[in-house]
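Descriptive analysis of the structure
Spelled out from the first residue to the last, the chains are:
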Amino acid sequence: MESAHPFRQLPEADISRIAPWRLLPPLLAVVLGLWGLERGASMWRDESVTWQVAHRPLGGIWELLHGVDAVHGLYYLLMHGVFQLWDGGLWALRLPSVAATALAAAGVAAVAHRLAGKRAALIAGCVYAVLPPVQMYAQEGRSYALVAAAVVWATYLMLRERWAAYTVVLLLGCWLHEFAVLALLAHAFTAWRARGWRWSAGIVAALLLPLALVSARQAEQQLGWLGRPSWQDWAAYGVVGGAALLLARGAPKDLVRVALPLTLLPPGLLMVISLVHPWYVDRYVLYALAGPALLAGARLAEARGWWPWLLAGLLLVPLGVWSVWLRTPESRKDDVLAVAAAVRERARPGDAVVFMPSRRREWLLSSPEVYASLRDVALDRTPAASHSLQGTELSPDRIRAALLASPRVIALLDPAGQPLDPYPREAAKRDALAARFELCSLTGVRGARIAVYAHPGTCP
């Protein structure tokens, strides 16, 4: 068998019993994932997109992907299957991410075991499971935990030189989210001399190309909301990268060759690209956190004396506080279920509802019983009929006329201080409400505001 990179291969564990390094990391990930899984019965808008798209018929999902969100297409199909088997609300929405995080923790342990031994495997897998961003996306109905699991296990298969399996697993990760392809650059530092890897990389790139072409056409609509990386993004990258470089000193060389590129290259390259094309969000490269976990596991496994363990213990205090906060509704940008509950309390039969901006229609789409009780006066074609995420709206003149003909309007607004969309339809909504309506009440809900308008003199 061809072997172009001389990895140090440690003896395989006795498979007659389950070694702690195999069992404890995924078990810890499952425990952390199930802890507070419902997050106070909350759901934020990205998860709401998953919920409502996955509940469409297969034909409807396919039509949607032609116009938008092709990058998440495989994940939506997977979740459609989950909901067909068990429409279990928030648990069904998030359990696949819990399972994927457990699988990823097991993969980190497997990589560490191959390159640094059992003790490093146990520690690295557990470190990965407790990292706050990993905990966050273990409880989120999006694809990022699944992508991380695919990249981690592809890394292990690369070390084993199982190129066919490597190709399949990494391609699966890329089709779940195409930025997983950046892991190929990290793997190149380890395996570029292996002809098998070069063939695998070429196949992955070729089979990802159709998705890349479709999603490139959708990029403006898909990622137009993004700005260039902020100073906080660069600072976070610097902290994680600096910590990884420090941990790499003294760690096994073969492990460093795997972990350090995985830590630095995918997020770093995406941030540089985002200076021209703003595409960077940290969750898109969540899998890069496997690198620091591997390095921390290797260094702690070889630690002598008490001070490294004291430092690790001290870090558990802020980590615990962060972990508790992650299981609250306040840990996400908004809470569509809280918005729907607040609308339910304020709505009267026949009330008009208007979304400002229109993309906030997502706040009610995952609560169809609330949405159906209101008149969406700006809506032209529903999301399903228009093969879109939030539907299409009427012309500005027709929106204005529909609003003026409504005695009461419930407006769903962004939080104060957010920039106002300059589009004619949004301006028509604002102008009509300002000209002919009185503000009866304004209520803040997590990540949103709910305003009730009525004609002058008719507020309760």
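In what follows, the accompanying structure is described. (Residues numbered from 1 in each chain as written. Predicted model: local features only at pLDDT ≥ 70, side-chain atom pairs only at ≥ 80, totals over all residues. Heavy atoms only, no water.)

Turning next to the nonpolar core. Among the nonpolar cores identified, the biggest contains 124 residues, and Tyr128, Tyr166, Trp197, Tyr287, Leu295, Leu364 and Leu412 are the most heavily contacted of them. Beyond its immediate sequence surroundings of up to four residues, Leu364 is in contact with Ala340, Val343, Val353, Phe355, Val370, Tyr371, Leu374 and Leu412. Among the nonpolar cores identified, the runner-up in size contains 16 residues, and Val377, Ala411, Leu413 and Ala432 belong to it. (Core = buried A, V, L, I, M, F, W, Y, C linked by side-chain atoms within 4.5 Å. Buried < 20%, exposed > 50% of the residue type's maximum accessible area, 1.4 Å probe, protein only. Contact = heavy atoms within 4.5 Å.)

In a structure, side chains of opposite charge can pair up when their charged atoms sit close to one another. On inspection of all chains with the given rule, the structure shows 16 salt bridges. Between Asp376 and Arg361 there is a salt bridge, and its shortest N-O distance comes to 2.6 Å. In this pair, Asp376 sits in strand 2 (residues 375–376) while Arg361 sits in the loop between strand 1 (352–356) and helix 18 (362–365), placing the two residues 15 residues apart along the sequence. Assessed through its relative accessible area of 0%, Arg361 is described here as buried. In the salt-bridge network here, residues are joined through shared partners; they are Arg361, Asp376, Glu393, Glu426 and Lys429. (Salt bridge = Lys/Arg side-chain N within 4 Å of Asp/Glu carboxyl O. Helix = DSSP H or I, 4+ residues; strand = E, 2+ residues; numbered from the N terminus.)

Remark on secondary structure: sheet strands pair via backbone hydrogen bonds, oriented parallel or antiparallel. Taken in spatial order, the five strands make up an open sheet running 2-1-5-7-6, and their pairing is mixed. The two strands at the open ends of the sheet, each matched to only one other strand, are strand 2 and strand 6 (438–445). Direction of pairing for strand 1 relative to strand 5 (residues 408–413): parallel, over a ladder of five bridges. In the strand pairing of strand 5, Val354 is matched with Ala411. Of the strands in this sheet, strand 1, strand 5, strand 6 and strand 7 (448–454) are in contact with helix 22 (residues 424–436), which crosses strand 1 at around 130 degrees. (Pairing = 2+ DSSP bridges. Axes fitted to C-alpha atoms, helices over the stretch in contact; angles between N-to-C directions.)

Next up on the list: helix 17 (residues 336–346). Listing the buried residues of helix 17 in full gives Val336, Val339, Ala340, Ala342 and Val343. All buried residues of helix 17 lie within an arc of 165 degrees about the axis, which places them on one face of the element. Of the surrounding secondary structure, the elements contacted by the buried residues of helix 17 are helix 2 (45–54), helix 18, helix 19 (368–371), strand 5, strand 6 and strand 7. Capping of helix 17 at its N-terminal end is provided by Asp335; its side-chain oxygen lies 3.2 Å from the backbone amide nitrogen of Leu337. (Arc of directions from axis to C-beta. Polar contact = N/O pair within 3.5 Å; in protein donor to acceptor, adjacent residues only side chain to side chain.)

To continue, consider the pairing of strand 5. Counting buried positions over the six residues of strand 5 gives six, a clear majority of the element. Along strand 5, one buried face is formed by Arg408, Ile410 and Leu412 and the opposite face, lined by Val409, Ala411 and Leu413, is buried too. Across six bridges, strand 5 lies against strand 7 in antiparallel orientation. Along strand 7, the bridge assignment pairs Leu413 with Arg449.

Looking now at the environment of Pro261. If you trace the backbone, Pro261 turns up in helix 14 (residues 253–273). Residue Pro261 is classed as buried on the basis of its relative accessible area of 10%. Between the alpha carbons of Pro261 and Thr190 there is a distance of 8.8 Å; along the sequence they are 71 residues apart. With residues up to four places along the chain from it excluded, the contact list for Pro261 reads Ala186, Phe189, Val256 and Pro266.

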